[in-house]
Amino acid sequence: MPLNRRAFLSSTVALAALAGTLPSLARAATPEAGGTLRVALDQAVSVLHPQLSRVNPEYLAAELLYSSLTRLTRDMQAEPDLASDWTSNDALTEWTFTLRSGVTFHDGAPCTAEDVVASFTAILDPDMASPGRNNVGPIETVEAIDPHTVKFTLSTAYADLPVALAYNNARIIPASVATGDYASLRGMANGTGPFRLVSYEPDRLVVVEKNPDYYDPARPHLDRVELRVFPDLGAQVSALLAGDIDMIATVDANDYMRLDGQDGIDLLRAASGQFCNVNFGTDIAPFDDPRVRQALALTVDRGTMVDFMTEGFGTKGNDTPLNASYPYFKPVEQREKDIAKAKALLTEAGFPNGLEAELIASDRPAIRGKLAVALREMAKEAGITINVTTMPHATYLEQVWKKGAFYIGFYNMQPTPDGIFKLLFTSDAAWNETRWNNPDFDALVDKARAVTDPATRTDLYTQAQALMNADVPALIPAFFDVLGAKRTWLRDYDIHPRASLYRLDHAWLTAEAPTRAG
Amino acid sequence: MSASYLLKRLGLICYTLIIVSLLVFGITQVLPADAAVMMLGENATPEALSALRAQMGLNDPIWMQYLHWIGGVLRGDFGTSLRTGQPVGPTLLSALGTSLQLTVLTLLFMLMLAIPMGIVAAVRRGRIADLAVSLVSYIGVSLPEFVTATIAVLLVADWWQLLPPVGYVPFSEDPAEWLRHLVLPVVVVSFILIAHVSRMVRSELVDVLQTDYIRAARLKGLRPRRVLIRHGLRNALLPTITIVALDVGYLLGGVIVVEEIFSIPGIGRSLMSAVQSRDLPVIQAGVLIMAATYSIANFAADLLYAWLDKRIQYD
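Residues numbered from 1 in each chain as written. Chains lettered and ligands numbered in written order. Predicted model: local features only at pLDDT ≥ 70, side-chain atom pairs only at ≥ 80, totals over all residues. Heavy atoms only, no water.

What to know about helix α12 (residues 367-380) of chain A
Alright, step 1. Taking 1.5 Å of rise per residue, 14 residues should cover 20 Å, and α12 of chain A covers 20 Å from first to last C-alpha, within 8% of that figure.
Alright, step 2. Every buried residue of α12 of chain A is listed here: Ile367, Arg368, Gly369, Leu371, Ala372, Ala374, Leu375, Met378 and Ala379 of chain A. (Helix = DSSP H or I, 4+ residues; strand = E, 2+ residues; numbered from the N terminus. Expected span 1.5 Å × (residues − 1). Buried < 20%, exposed > 50% of the residue type's maximum accessible area, 1.4 Å probe, protein only.)

What follows is the structure, encoded as C-alpha cells:
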C-alpha cells in the first residue's frame, strides 16, 4: 500500500493517541467521522471575537474557530496547539515557541510568527480591552525570530507561561486584523481552528463546519456543530431528553438530578476549583480586624454548606481558593465550626454583644444569594446579625464589586494556583476585591512563579494557603463540581474542570445519533 | 370617518411615542450601569473607558444625547448594540417578525376556538356546556403561562414526544418544522386569551340576545341560526375587536415568558436579555418599537370597528 503524507500523519497520530490513552480507548472505540452535533448553551454568543469573549458560550465558539499556542488538558497541563514545542532560559524570563508549519487561516492565508506577535500585542494593549490582558502572564515583549519562531520576554520569571498561553482569550488572529479593524471579528471569524464559521445569530444559533485544512488531518471528526441558545434551563433539559440536542454545556444540580437515570443520557461531573466567596473589605471596619473575619469563618459548618449550596455536588472549602483540583496542592488544616471560639474572638475584638452587618449578593448566579442566607443563619449562633441584600448583577458590578465591605463573589477555576492568587489575592491582583495586602503572601506567590520543581512549588503554595487561612481576607466555604450532560451517542467528550474548555475537536457521534440535514 | 379624525389619531400616536421615547430614555439614564463599562468589561483601563465615553457621546448633556438618539431613530438608525456590536434596528425588526408570526398564529387559533366557545356558552346559558366553558375560562385566566408551558412541555414533548419541546426554526429554513415548533407556544399563549375572549363573546351575546330587535327578528319567523349569526353575533363581536386589539399588544409585550421558555428569538426575549446585560440601545429601541406596534394595533382596531358598525362616527 502506498503511504502518502496524510495517511502517514493520521497513523502516527493514531499511534500516539493509542500510547497515551489505552484505558479510555478500550471503551471509546474508533471515532466515526461525520454528523452534526447540537450543543445547548444557556447564554447568547454575543461576540465571536476570541480575544474579547467573556462568557463560556463565547469561549466555546472561539475554541471551535481559533487556535492558541498551547492547550490545557483536563489535568491542567499545557499541550501543543499551534506551537509544536517550547523552551525557556534557566531564569524562566525568556521563552521560545516553535510554530507548526503549513497552518493556514480559514481564508487561506498562512499563519506565521507575525500573526502571533500581532495577536499578543493586541491582547496586551490596554486600549483593546481584552479580558485576557491580566491572564496571559507577565509578558513584556513578543518578537518574531523567524516565520516559525516566537520569543516572549517576561518582566519576571514565570514558570506557568505555557499554561497561561492556553487562556481562553489568548487566541491567534490574523495580523492584518489585529493591527487593522480589530472589532470586525465581533461578528465574523477568520481563525486556524478545527471548524469554520457558517452562520451567526447571536441570540439563537451559531453554525460551524469542519475545516478541511485543519493542521491535524485526523480531526475534527464532526462535520458540523450547531450552538443553540436556550435561555430557559428547563428547556435545555427537555431538548436533551427529546434527543433534539446532544449535550448541555453546564447543568445545575437540580437538572442534573432530573436527568439521572434517564435512558440515553450520560451525566458528566468533574470536581473543580469553582467557588463562591464572602469578601471582606479588609480596609473597612469592622472587617479590618482579622479577629472579626476569623470569628465569622468559625461559625460556618462547611459540610452543611456543601449540602445546602451544591446539593452535595461539591467539596468543603477552607478559606483559600485552592483545592485538590489544582496542581501543586497540599491541604492545610481544615477549619471547623467553633462557636465558643468565635464568640471569644468577637469579645477580644471589642464586640462582646455581637455585631450587625449588611451582606450584599448579586442575583446572578442564584447561588450567591443562597450562600448569603446560609451564612446569615449560621452566624446568628455567635451573635452576629447579618442583613442580606440582593441586587441585579449590573448594579452589583457598578456599586459593590471591588468596593464593598462585605459581599459575595463567584469565580471559575483558574488553571494554576498562581492564576487564582494573582487574579484575586496578591496586593497587585487585577481584581483585589478584598484590598488584602500581605507582603509575605505576595513574596511566596512570586517565589513560586520562578520555580519549576513541583515539590518546591507545592511547599510554597502551601505556605501561602496557610497565611490566607489564618488571616481570612475572604471566606470560602465550599467548592462546586461542574456538571453537564450528554446523549450516549456523543463520544469522547467530557466536562473540563475549568468549565470554560470543551475540546470538541475530539468528539464524535455514533451511528445511533439522529441524522440532521446540513 | 373624516380625514381630520385620521390625522388627529395619527398625531396622537406620534405624541404617545414621543412621550414613550422620553420616558425610556430617562429611565435608561438612571439605570445603575455605565454603558462604556458594559461594552469594554470590568478589565478596561480608565483611559480606554474615557475614550469610549467620548466616542459614544456619553459626556454630552443628556438633552443632546436624547436629540442625537431620536434623530437617529427618525432616520431609521437605532444605534449599535453594546453587547454584540451589531446594528440594533435590523436585529430587533427580525425579532419583531418572529414575534408577529407567533402573534398571528395565536390570534387565528384563539379566535377559531374562543368565538364558538362563547357562542355555545351564550346559547346554552346555565347548562352544562356553559359551565364547561366557564370552567375552562377560569382555569385559563388563573394559570400563568409559565405553569401551562411547563405542563404542556412535560406532557406533549417529554412524555408523549409528539412535538419538539423548545426551539424555533425559521419558516424559510423548513416550513414543517417551523409549524411543529410553534404549536406548543401558540397553544400555551392562546389558553389565557381564549378564556378572555370567549367570556367576552358570551356576555355580549347574552346581552344582545335579550334585546328587542332580536325578539323582533324571531317573531318575524327568521330561522334561529340566522338570527344568531346575522343579527346577534355581528353586534356581539364588535366589543370583542377592542379586546383582541388589546391582546395583540399583550402578545407582543407579554409573551416574554413564553419566548423565554420556548427559546423563541422574538422581541420579548431580545428585550429581556438586553435588560439583563444593560444593553441600553436595544432596550430603548425595543420599548419604542413595542409601543409603536401597540398603538398601531389599537388604531387598526378602531378603524375596523368603524368599518363594521356604520353607526359609529368618529370626528
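Now, onward.
Remarks on the pattern of salt bridges
All names here are of chain A.
Alright, step 1. On inspection of all chains with the given rule, the structure shows 36 salt bridges over all chains.
Alright, step 2. Arg516 is paired through a salt bridge with Asp246; the nearest N and O atoms lie 2.7 Å apart. Of the two residues, Arg516 is situated in the segment after β19 (508-509) and Asp246 in the loop between α7 (233-241) and β11 (247-248); the sequence distance between them amounts to 270 residues.
Alright, step 3. For Asp246, a relative accessible area of 0% gives the class buried.
Alright, step 4. The shortest N-O distance in the salt bridge between Glu377 and Lys380 comes to 3.0 Å. Here Glu377 pairs with Lys380, and both are found in helix α12, just 3 residues apart, close to one helical turn.
Alright, step 5. Sharing partners across several salt bridges, the network here consists of Arg38, Glu226, Arg228 and Asp244. (Salt bridge = Lys/Arg side-chain N within 4 Å of Asp/Glu carboxyl O.)

Topic: the nonpolar core
Alright, step 1. If you look at the biggest cluster of nonpolar residues, it comprises 92 residues, and the most contacted ones within it are Trp69, Leu184, Leu205 and Phe262 of chain B.
Alright, step 2. When residues of this core are assigned to their parent elements, the largest contribution, 15 residues, is made by helix α8 (residues 175-209) of chain B.
Alright, step 3. Leave out the neighbours within four places in its chain, and Leu184 of chain B touches Ala152, Val153, Val156, Ala157, Leu163, Pro164, Pro165 and Phe262 of chain B.
Alright, step 4. Val177, Ala178, Val482 and Tyr493 of chain A belong to the second largest nonpolar core, which has 42 residues in total. (Core = buried A, V, L, I, M, F, W, Y, C linked by side-chain atoms within 4.5 Å. Contact = heavy atoms within 4.5 Å.)

So, the interface of chain A and chain B
Alright, step 1. With 37 residues of chain A at the interface, the matching set in chain B holds 36 residues.
Alright, step 2. When chain A packs against chain B, the two sides together hide about 2,900 Å² of surface, and 49% of this comes from carbon and sulfur.
Alright, step 3. Scanning the region where chain A abuts chain B turns up 2 salt bridges.
Alright, step 4. Note that Arg83 of chain B and Asp203 of chain A form a salt bridge whose closest N and O atoms lie 3.2 Å from each other.
Alright, step 5. There are 5 residue pairs in polar contact (both at pLDDT 80 or more) connecting chain A and chain B. (Buried area = accessible area lost by both parts, 1.4 Å probe. Polar contact = N/O pair within 3.5 Å; in protein donor to acceptor, adjacent residues only side chain to side chain.)

Brief notes about the pairing of strand β10 (residues 224-229) of chain A
All names here are of chain A.
Alright, step 1. Where burial is concerned, most of β10 is hidden: 6 out of the 6 residues are buried.
Alright, step 2. Across the two faces of β10 the burial is the same, with Arg224, Glu226 and Arg228 and Val225, Leu227 and Val229 all buried.
Alright, step 3. One ladder, built from 6 bridges, connects strand β1 (residues 36-41) with β10; its direction is parallel. Each residue of the ladder has a partner; that of Arg38, found in β10, is Glu226.
Alright, step 4. Pairing of strand β9 (residues 205-210) with β10 involves 5 bridges; the strand directions are antiparallel. Bridge assignment links Leu205 to a residue of β10, and that residue is Arg228. (Pairing = 2+ DSSP bridges.)

Examining the packing of helix α6 (residues 128-142) of chain B against α8 of chain B
Residue and element names in this part refer to chain B.
Alright, step 1. Running from amino to carboxyl end, α6 crosses α8 at an angle of 135°, the nearest separation of the two axes being 7 Å. The orientation of α6 with respect to α8, classified from their angle, is oblique. In terms of crossing hand, the pair formed by α6 and α8 is left-handed. Contacts between α6 and α8 involve Asp130, Val133, Val136, Ser137, Tyr138, Ile139, Gly140 and Val141 from the former and Phe191, Ile192, Ala195, His196, Ser198, Arg199 and Arg202 from the latter.
Alright, step 2. Partitioned by chemical class, the residues of the contact of α6 with α8 number 8 nonpolar, 4 polar and 3 charged. (Axes fitted to C-alpha atoms, helices over the stretch in contact; angles between N-to-C directions. Parallel < 35°, antiparallel > 145°, perpendicular 65-115°, else oblique. Left-handed = near helix turned anticlockwise from the far one by under 90°. Nonpolar A, V, L, I, M, F, W, Y, C, P; charged D, E, K, R; others polar.)

Quick look at the pairing of strand β14 (residues 355-362) of chain A
Remember that side chains alternate between the two faces of the sheet whenever the strand is regular.
All names here are of chain A.
Alright, step 1. The buried fraction of β14 amounts to 6 of the 8 residues, a majority that puts the element mostly inside the structure.
Alright, step 2. Direction of pairing for β14 relative to strand β15 (residues 384-391): parallel, over a ladder of 8 bridges. Within the sheet, the bridge partner assigned to Ser362 lies in β15 and is Met391.
Alright, step 3. Traced from β14 through α12 to β15, the parallel crossover comes out right-handed. (Right-handed = clockwise from strand over helix to strand, strands pointing away.)

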